[in-house]
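# What the coordinates show
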Amino acid sequence: YLYSFCAKGSLVLEKDKFSSGLSGSCYRIKNINSNGNSLSIDASKQMIFKSVRLFKTNAYEVGLSSFVDLQELKLSLFFEFEKCPHIHPLICLVVSDEKDKLNVPVGYLCEEAELGSLKEFLVSHVLFGNYACFLRGIFYIAEAIQFLHEHEIIHDDIYTGNVLLFPDGNEIRMKLIDFGQSKTIEEYKL
């Protein structure tokens, strides 16, 4: 009830995954067949589908908590992350599949960071010339951290892999992601 969802059958995915890890695989979306239904995503943006490996076989046992990080969900909802343009909550649309006559969550959609993570960018690009654009992006990440601290949240997992890069004209937009390890200051006190 907290997130809108679409059926996996509505997605037209690229044949090959472009990234995978222990928890799942990522596929670029070629098209979304919405059948006239409005989806809560900006269709002009490149989207990816992250399938999530479920370690439980019985669909009756599978719920949102099996793949949606409830800590990130809670913080996003109650601390209004959308008010900070330098924070990028990953989950935007739950994808479900019918199994055992139930709609079972199998993954989610999120905006694709065309330039990948800061970690990948630094490995594959040699920085030279004017650093102003790059330093401005780092400053925006500092603003995101300040936003979190003003809301008494500690990210607790800041590193270059948790900063996504988006092209913005001649600039680079950097956004902080992955709030699964984050805690409020009150939770740290406990």
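Please refer to the structure placed before this passage.
Small disclaimer: the values here were computed from a predicted structure and weren't measured.

As paired elements, strand S9 (residues 163-168) and strand S10 (residues 171-176) share 6 bridges and run antiparallel to each other. When the sheet's bridge partners are listed, Phe166 is paired in S10 with Arg173. In sequence, S9 turns back onto S10 through a hairpin of 2 residues, with Gly169 there showing a positive phi of about 65 degrees.

Located in the positive-phi region is Asp156, a residue other than glycine, with phi close to 70 degrees. Within the fold, Asp156 resides in the loop between strand S8 (153-154) and S9. A positive phi is found at Asp178, a non-glycine position, where the angle reads about 65 degrees. Within the secondary structure, Asp178 sits in the loop between S10 and strand S11 (183-184).

The subject of this paragraph is the pattern of salt bridges. With the rule as written, the count across this model stands at 5 salt bridges. In this structure, the salt-bridge partner of Lys83 is Glu80, at a minimum N-O distance of 3.1 Å. Look at Lys83 and you get exposed, because its relative accessible area is 57%. Judged by relative accessible area, Glu80 falls into the partly exposed class, the value being 35%.

It is worth spelling out the nonpolar core at this point. Taken as a class, soluble globular proteins show a tendency for nonpolar side chains to be buried jointly. Phe81, Ile87, Leu148 and Met174 are the most contacted members of the largest nonpolar core, which totals 19 residues. Secondary-structure elements contributing two or more residues to this core are helix H2 (118-124), helix H3 (132-150), S9 and S10. At 6 residues, H3 tops the list of elements feeding residues into this core. Not counting residues up to four positions away in its chain, the partners in contact with Leu148 are Phe81, Ile87, Ile153, His155, Leu176 and Phe179. The next biggest cluster of nonpolar side chains, apart from the first, holds 10 residues, and it includes Ile32, Met47, Leu93 and Leu109.

Attention shifts here to the side chain of Thr184. Relative to the elements of secondary structure, Thr184 occurs in strand S11. Overall, Thr184 belongs to the buried group, its relative accessible area being 14%. Those residues within four positions of Thr184 in sequence are excluded, and the remaining contacts are Leu75, Phe79, Glu152 and Ile153.

Moving on, we come to the side chain of Glu112. Inspection of the secondary structure assignment puts Glu112 in the loop between strand S7 (102-111) and H2. Judged by its relative accessible area of 7%, Glu112 falls in the buried class. There is a polar contact of 2.7 Å between the side chain of Glu112 and the side chain of Arg28. Setting aside residues up to four positions removed in sequence, Glu112 forms contacts with Arg28, Gln46, Met47, Ile48 and Phe166.

How each quantity is defined
Note on numbering: residues in each chain are counted from 1, in written sequence order. With pLDDT at 70 or above as the cut-off, local features in this predicted model cover only qualifying residues; side-chain atom pairs require 80 or more to be listed or tallied, and sums for whole chains, interfaces and linings still use all residues. Remark: hydrogens and water are excluded; side-chain values derive from all non-hydrogen atoms of the structure. Strands are labelled as partners when DSSP assigns at least two bridges between them. Secondary structure follows DSSP: runs of H or I at least 4 residues long count as helices, runs of E at least 2 residues long count as strands, and numbering of each begins at the N terminus. Any Lys or Arg side-chain nitrogen found within 4 Å of a carboxyl oxygen on Asp or Glu counts as a salt bridge. Type-normalised accessible area, obtained with a 1.4 Å probe on protein chains alone, sets the label of each residue: buried when under 20%, exposed when over 50%, and partly exposed for intermediate values. Residue types Ala, Val, Leu, Ile, Met, Phe, Trp, Tyr and Cys, when buried and joined through side-chain atoms within 4.5 Å, form a set referred to as a nonpolar core. Any two residues whose heavy atoms approach within 4.5 Å are treated as being in contact. Polar contact is the term for a pair of N or O atoms within 3.5 Å; when the atoms are in protein, one must be able to donate a hydrogen and the other to accept it, and sequence-neighboring residues count only if both atoms are side-chain atoms.

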